[in-house]
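A structural walkthrough
The residues making up each chain are set out below.
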Amino acid sequence: MRPSPSVLVVKRLTDIAIGSVGTAAFALLYPAIALIIKLESKGPALYSQERIGINKRSGRRQDEWDAEAAMPIRKSDVGGKPFPVYKFRSMRIDAEKNGPQFAAKGVDPRVTKVGWWLRALHLDELPQFWSVLKGDMSFIGPRPERAHFTVEFGRTIPHYRNRTLWVKPGLTGLAQINLGADDGMESVVRKTYFDYSYRASFAHFGSWWRMEWWVLMNTIGYLLIKPRKEGDTRDLKSLKRVKVLKMLAQSPIKHEKHKVTAWVKLDHDDRSVVLEGKEPREIMGRLRRLTARGLKTLEVSYTPRKEFDLEDMGFLVELAQRVNQAGGRLSVREPSARVRRMLQEIHMDKVVDVARPQSRVRNFMTVDVECWFHAYNLKEKIPPAVWHHQETRIVNNMERILGLFRSHEAKATFFVLGWVADRFPEVVKMIAAEGHEIGTHGYYHNLITDMTPASYEEDLLKSLEAISKHAKEPILGHRASNFTIVPGTYWALEIMAKHGLEYDSSIFPIKRDRYGIPDYPNRMPHTLHLQSGSQLHEFPMSTLGVGNKFLPMSGGGYLRLFPHAVTESFIESCNRKGNPAMVYFHPWELDQDQRRVSVGLVKTFQHYVNLHSLEWKLNRLLQKFSFTSIRDNMDTRRIRVMLKKDPVYIPTNLGSHWMRDSTQTSEDSDRDSSRDQERREAQAAQDARDAAGPIRISPA
């Protein structure tokens, strides 16, 4: 694939400048160097040798390389355009009387005394500035190889000819300053990895410039390293590190199709798809068909095999170039320790995002399953009495969410509203079929602060009945509407325990108008000891301490509002400490096309801010961190230890607020009974109106 045009133009202008300066500046040294060479040994001071330059046609396709491959498709194809390279002679004139060969390890007997110094100071390569000026070479690029070795290596090393595909060889380069001279087939394989990494950077000007600048600065550092007396190779720390790595030419394991996950953002649709194929052109062909119109964002992740070899490297480089030139971003997800270290050593992390090793901490991913009109901010304009008249997009939104989790092989806990379970049973069935956990979010999405114990218990039981009809597993967890477990509603915890729930995830340790317990004593998963003697596990929302205040993080409107870098940094910080983060969101927060309702400046902003960004942010989080459901995480040793540590006693540790009906007067009891009766009548009327069912939208 051709490099970026801007890279080619800037690189050629840079080569002309460097070639001109180098040729002019060192021209005065040529007679002196030639004289010293002639005085020590017979033969010409300057010699010409044919090398292989830029390759504008690849040889065999990736799947055509095998152990029996003999020659390229065309016998004249030696992997590039031949050109003459000029050097000062540093060996005896009969050095290659037996044919081309590798440089000998240690002191090469073919090298003259003057030649050793010329090589040590790299003065023998000064005439190559002319080749740079002419355009046969670049100042920075892969090492120019002889035709004999290009043909030989091309038979046994996958993609060897493609290391100079649309890239000119260089006077210095990434491989040269990291690995020194070739002394065997192993070093050739290692250099091929570096050459491929350099070639991959050409896809985008930014990645090329980072790579080019790094090579330039480190070339200067390389020349300042004192040469070793026993040979012409410097003592390179990078070479020592790379030699330890297992850099395979071909894996003994048979190659299967590559699996690539692509997240595509279109004009009217966001989707995550899993693509499979043996070659990048096959995968990118499918992407092009998918994004034929309206492409806005392309995020691609590639999970390499543990036995990563040059076949995989060739695939990764071509995929990186195609994704970058399509304006997308490629990340290498969940690489093994060996692959991650190797990609970092060859500086591939300047071209693609190489994921850091994932923490062993598994974070909580939760979804509050409700329709857009259930949001508290819209309650004044869309009361429950008119819910059944509203257009709902819950099924489409849930399919997108489940597809996103499926592509990242992540699990989550879905707290389903009973109202949704009764009217959209397919939603509950879809969640259960994917193996996710299902919890309850109540039935009518009423705030617990507006309910009495009797009405809350009725609402809870109704939701459990509606959800259990379609769920495969028992319902273990609960999340209150708008996190309204507060000091005045601790009695709801007793009711949860009474009806067999094992945990709650409703406490938000912040201060807000409707919810929050700012002085809550434990912000990690823990056990609640209730006044009745029962126990519940509590999984609070995540918060960030700033001074003596706590900020809400990683969920809902806060997840949409904060830049993704802030959220990622917060989760990373939690995981470094061994703590899981709690992420939550609602299906309607992925839906930019939902109906717009004006409910005042503040509430409108809270409901609609950055709806376009949430799926993209979730995709990045799922790429970078490990997520699972609350139920699955409860079984891990880390969470079991947390649940036993620092329990919270209700109400002892949290003040004197407790079941308000225990201290009610007879007037209060009568008033609450009357309120319960009114609520039951209103809900019965609403059930009758909802019987016709809400308006549905067919899948796009």
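Residues numbered from 1 in each chain as written. Predicted model: local features only at pLDDT ≥ 70, side-chain atom pairs only at ≥ 80, totals over all residues. Heavy atoms only, no water.

Our next topic: the environment of Ile-37. Note on placement: Ile-37 falls in helix H2 (residues 30–40). Spatially, the C-alpha atoms of Ile-37 and Ser-90 are 7.9 Å apart, while their sequence positions differ by 53 residues. (Helix = DSSP H or I, 4+ residues; strand = E, 2+ residues; numbered from the N terminus.)

In this section: the pattern of salt bridges. In this structure the tally under the stated criterion is 26 salt bridges. As a salt-bridge pair, Lys-134 and Asp-136 come within 3.3 Å of each other at their nearest N and O atoms. Of the residues examined, Lys-134 reaches a relative accessible area of 41% and is grouped as partly exposed. Across the pair Glu-380 and Lys-603 runs a salt bridge, and its minimum N-O distance is 3.4 Å. Pair noted here: Glu-380 is in the loop between strand E10 (363–369) and strand E11 (391–392) and Lys-603 is in helix H20 (residues 601–608), with a separation of 223 residues, a long-range link. One salt-bridge network, in which partners are shared between bridges, spans Glu-568, Glu-572, Arg-576, Arg-620 and Lys-624. (Salt bridge = Lys/Arg side-chain N within 4 Å of Asp/Glu carboxyl O. Buried < 20%, exposed > 50% of the residue type's maximum accessible area, 1.4 Å probe, protein only.)

Ranked by size, the top nonpolar core spans 82 residues in total, and within it Val-369, Phe-414 and Trp-419 carry the most contacts. For this core, the leading source of residues is helix H13 (residues 394–407), giving seven residues. Discounting chain neighbours no more than four positions away, the residues touching Val-369 are Ile-394, Met-398, Phe-414, Phe-415, Val-416, Leu-417, Val-420, Val-427, Ile-431 and Pro-587. Counting residues in hydrophobic clusters, the runner-up holds 72 residues, among them Ile-33, Phe-149, Met-211 and Val-352. (Core = buried A, V, L, I, M, F, W, Y, C linked by side-chain atoms within 4.5 Å. Contact = heavy atoms within 4.5 Å.)

Sheet topology places strand E18 (residues 543–546) next to strand E19 (residues 549–552); four bridges connect them, and they run antiparallel. Across the sheet, Leu-544 pairs through a bridge with Leu-551, a residue of E19. What sits between the antiparallel neighbours E18 and E19 is a turn of two residues, in which Gly-547 has the positive phi angle 65°. (Pairing = 2+ DSSP bridges.)

A separate point is H13. Between the first and last C-alpha of H13 there are 20 Å, a value that for 14 residues agrees with the 20 Å anticipated at 1.5 Å per step. Ile-394, Val-395, Asn-396, Asn-397, Met-398, Ile-401, Leu-402, Gly-403, Leu-404, Phe-405 and Ser-407 are the residues of H13 that are buried. (Expected span 1.5 Å × (residues − 1).)

Next up on the list: the packing of H13 against helix H15 (residues 425–433). With their axes 10 Å apart at the nearest point, H13 and H15 run at an angle of 5° to one another. Compared by their axis directions, H13 and H15 come out roughly parallel. Between H13, through Ile-394, Val-395, Met-398, Glu-399 and Leu-402, and H15, the contact on the second element is made entirely by Glu-426, Val-427, Met-430 and Ile-431. (Axes fitted to C-alpha atoms, helices over the stretch in contact; angles between N-to-C directions. Parallel < 35°, antiparallel > 145°, perpendicular 65-115°, else oblique.)

Moving on, we get to a nonpolar patch on the surface. Where nonpolar side chains cluster on the molecular surface, the patch consists of Phe-205, Trp-209, Trp-213, Met-217, Ile-220 and Leu-224 and spans about 650 Å² of accessible area. For Trp-213, a relative accessible area of 45% gives the class partly exposed. (Patch = residues over 30% accessible without salt bridge, like charges linked within 9 Å, V, L, I, M, F, W, Y side chains within 5 Å. Areas by Shrake-Rupley, 256 points an atom, 1.4 Å probe, with all protein chains shown as cover.)

Another aspect to go through is the packing of aromatic side chains. Overall, the coordinates contain 27 aromatic pairs when judged by the stated rule. With 5.4 Å between their ring centres and 70° between their planes, Phe-364 and Phe-539 make a pair best called edge-to-face. Taken together, the residues Phe-364 in strand E10 and Phe-539 in the loop between strand E17 (535–538) and E18 connect sequence positions 175 residues apart. Taken individually, Phe-364 and Phe-539 each receive the classification buried, so the pair is uniform in this respect. Between Phe-373 and Trp-419, the aromatic rings sit 5.8 Å apart at their centres with planes inclined by 85°, giving edge-to-face as the arrangement. Note that Phe-373 is positioned in the loop between E10 and E11 and Trp-419 in helix H14 (residues 418–423), a separation of 46 residues in sequence. The burial state of Phe-373 is the same as that of Trp-419; both residues are buried. An aromatic cluster is defined as three or more aromatic residues linked by ring pairs; in this entry it consists of Phe-483, Phe-508, Tyr-515, Tyr-558 and Tyr-584. A cation sits over an aromatic face here: Lys-462 above Tyr-443, 4.6 Å from the ring centre. Residue placement shows Arg-523 over the ring face of Phe-550; its charged tip is 3.3 Å from the ring centre. (Phe/Tyr/Trp six-rings, centres within 6.5 Å; stacked < 30°, edge-to-face > 60°. Lys NZ or Arg CZ within 6 Å of the ring centre and 35° of its normal.)

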